[in-house]
Amino acid sequence: MRVATWNVNSLRVRLPQLIRWLNESQTDVVCLQEIKMVDKQFPAKELADAGWPHLAWMGQPTYNGVAIVSRFPLENVQKGFEDGEEVDAQKRVIAATVHGVRIIGTYVPNGHRVGSDKFAYKLRWLDRFKRLIDRLDPKTDVLWCGDMNIAPDDVDVWDPFEWEGKVLCHPEERRRLQSIVDWGFVESFRERNPFASQFSWWDYRAMGFQRNHGVRIDHVYLTDSLNKRCSNVAIWRDVRGWEQPSDHVPVSVDLD
DNA sequence: ATGGTGGAAAGTCCA
């Protein structure tokens, strides 16, 4: 089973690319972020006709929005935190079980600038997500993927000196990510590529992709049982060079 | 250089 994550930056604009990429990559399940549409706009028929009929989505006007697109049935779909706390107006979490694997897709807040209200929201959001993970069992098959908006280490940034202490790299967000990982996750890409500097996002501005000014902020985390079943991790860099690309590329894992 | 480009949506907000 191939499972992936992709921040599409508008599913309306990127739908042809999504269907093309699903076919070329033969991906079975993909978690999407930034679909940027309300629920009634979701292209369920188009995706079903293309061969991915099992769908869950949670949109909002203009911003955010997450979805799961699958060849296989989705069970126990969860939309949002569903933790009894105040409902988050920003739609950033969706989960479902596929063939016994609990798949959680997230669009972690960007945080804008360190010290801003948005950065404080990002840290609160990560604390709340940690509590969601704490309610699960690390001995079960859990896959957490998405646009994490955090570069875990300096090697995940094109210029770590330029980025030091800034949003995506600040110690406070890295510490929170690590505390979630410490619950019982392995970061699938870094586990298999200890020293590789490969990126998943490049700024549209200032020729970011052409100059390879990128960061690796899209990740797939696996519990130990799933990590043992993982035979491959891929960052689909070429997709960034397609016509009218998202600023992010897909990241996939293969589970035997 | 607090810029730049792209997307939603119709003047800005967000990344």
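Now for a quick tour of the structure. Predicted model only: the values in this text are computed from it and were never measured.

**A short note on the protein's contact with DNA strand B**
Then comes step 1: Around DNA strand B, 16 residues are found, and the nearest of them are Ser10, Arg12, Arg14, Arg113 and Arg205.
Then comes step 2: In DNA strand B, atoms within 4 Å of the protein come from the sugar-phosphate backbone in 65% of cases.
Then comes step 3: The separation between a phosphate oxygen of DNA strand B and a polar side-chain atom of arginine 14 is 3.1 Å.
Then comes step 4: The element that contributes the greatest number of residues to the surface near DNA strand B is helix H1 (residues 11–25), accounting for three residues.
Then comes step 5: Residue composition of the surface near DNA strand B, grouped by class: four nonpolar, five polar and seven charged.

**Quick look at the sheet that holds strand S6 (residues 93–98)**
Then comes step 1: Sheet architecture is open: six strands sit in the order S5-S6-S7-S8-S12-S9, paired in mixed fashion. With partners counted over all chains shown, the strands left at the sheet margins are strand S5 (75–79) and strand S9 (185–187), one partner each. Taking the axes of each pair of neighbouring strands and ignoring which way they run, one obtains an average angle of 20° across the sheet.
Then comes step 2: Two strands pair when backbone bridges link them, and S9 and strand S12 (residues 218–223) are joined in this way by three bridges, in the antiparallel orientation. Bridge assignment links glutamate 187 to a residue of S12, and that residue is tyrosine 221.
Then comes step 3: Against the sheet, helix H3 (residues 117–134) contacts S5, S6, strand S7 (101–107), strand S8 (142–147) and S9, and its axis sits at roughly 175° relative to S7.

**What about the side chain of arginine 92?**
Then comes step 1: Note on placement: arginine 92 falls in the loop between S5 and S6.
Then comes step 2: A distance of 3.3 Å separates a polar atom in the side chain of arginine 92 from a polar atom in the side chain of tyrosine 121.

**Side note on the sheet that holds strand S2 (residues 29–33)**
Then comes step 1: As summarised here, the arrangement of the six strands in space is S3-S4-S2-S1-S14-S13, forming an open sheet in which the pairing is mixed. Strands with a single pairing partner mark the edges of an open sheet, and in this sheet they are strand S3 (54–58) and strand S13 (230–235). Here the strands of the sheet are splayed against their neighbours by 10° on average, with no regard to which way each runs.
Then comes step 2: By the bridge criterion, five bridges tie S13 to strand S14 (residues 251–255) in an arrangement that is antiparallel. Paired with cysteine 230 across the bridge in S14 is leucine 255.

**Overview of the packing of H3 against helix H5 (residues 171–181)**
Then comes step 1: It is the contact of H3 with H5, at a shortest axis distance of 10 Å, that shows an interaxial angle of 5°. By the criterion of interaxial angle, the relationship of H3 to H5 is roughly parallel. From H3, Phe119, Lys122, Leu123, Leu126, Asp127, Phe129, Lys130 and Ile133 reach across to H5, where they touch Glu172, Glu173, Arg176, Ser179 and Ile180.
Then comes step 2: For the contact of H3 with H5, the class distribution of residues is six nonpolar, one polar and six charged.

**Some details on the packing of aromatic side chains**
Then comes step 1: The tally for this structure, following the rule as stated, stands at eleven aromatic pairs.
Then comes step 2: A centroid spacing of 5.8 Å and a plane angle of 40° characterise the contact between tryptophan 144 and phenylalanine 185, whose relative ring orientation is tilted. In this pair, tryptophan 144 sits in strand S8 while phenylalanine 185 sits in strand S9, placing the two residues 41 residues apart along the sequence.
Then comes step 3: Classification of phenylalanine 185 by relative accessible area gives buried; the value is 7%.
Then comes step 4: Their ring planes at 55° and their centres at 6.1 Å tell us that phenylalanine 185 and tyrosine 221 sit as a pair that is tilted. You can see phenylalanine 185 sitting in strand S9 and its partner tyrosine 221 sitting in strand S12, a full 36 residues away along the chain.
Then comes step 5: Grouping aromatic residues by their ring pairs yields a cluster made of Phe81, Trp125, Phe129, Trp144, Trp183, Phe185 and Tyr221.
Then comes step 6: Above the plane of the ring of tryptophan 242 lies arginine 20, whose end atom (NZ or CZ) is 3.6 Å from the centre.

The rules we used
- Residues numbered from 1 in each chain as written.
- Chains lettered and ligands numbered in written order.
- Predicted model: local features only at pLDDT ≥ 70, side-chain atom pairs only at ≥ 80, totals over all residues.
- Heavy atoms only, no water.
- Near = heavy atom within 4 Å.
- Polar contact = N/O pair within 3.5 Å; in protein donor to acceptor, adjacent residues only side chain to side chain.
- Helix = DSSP H or I, 4+ residues; strand = E, 2+ residues; numbered from the N terminus.
- Nonpolar A, V, L, I, M, F, W, Y, C, P; charged D, E, K, R; others polar.
- Pairing = 2+ DSSP bridges.
- Axes fitted to C-alpha atoms, helices over the stretch in contact; angles between N-to-C directions.
- Contact = heavy atoms within 4.5 Å.
- Parallel < 35°, antiparallel > 145°, perpendicular 65-115°, else oblique.
- Phe/Tyr/Trp six-rings, centres within 6.5 Å; stacked < 30°, edge-to-face > 60°.
- Buried < 20%, exposed > 50% of the residue type's maximum accessible area, 1.4 Å probe, protein only.
- Lys NZ or Arg CZ within 6 Å of the ring centre and 35° of its normal.

Interpretation in functional terms is not warranted from these geometric data alone.
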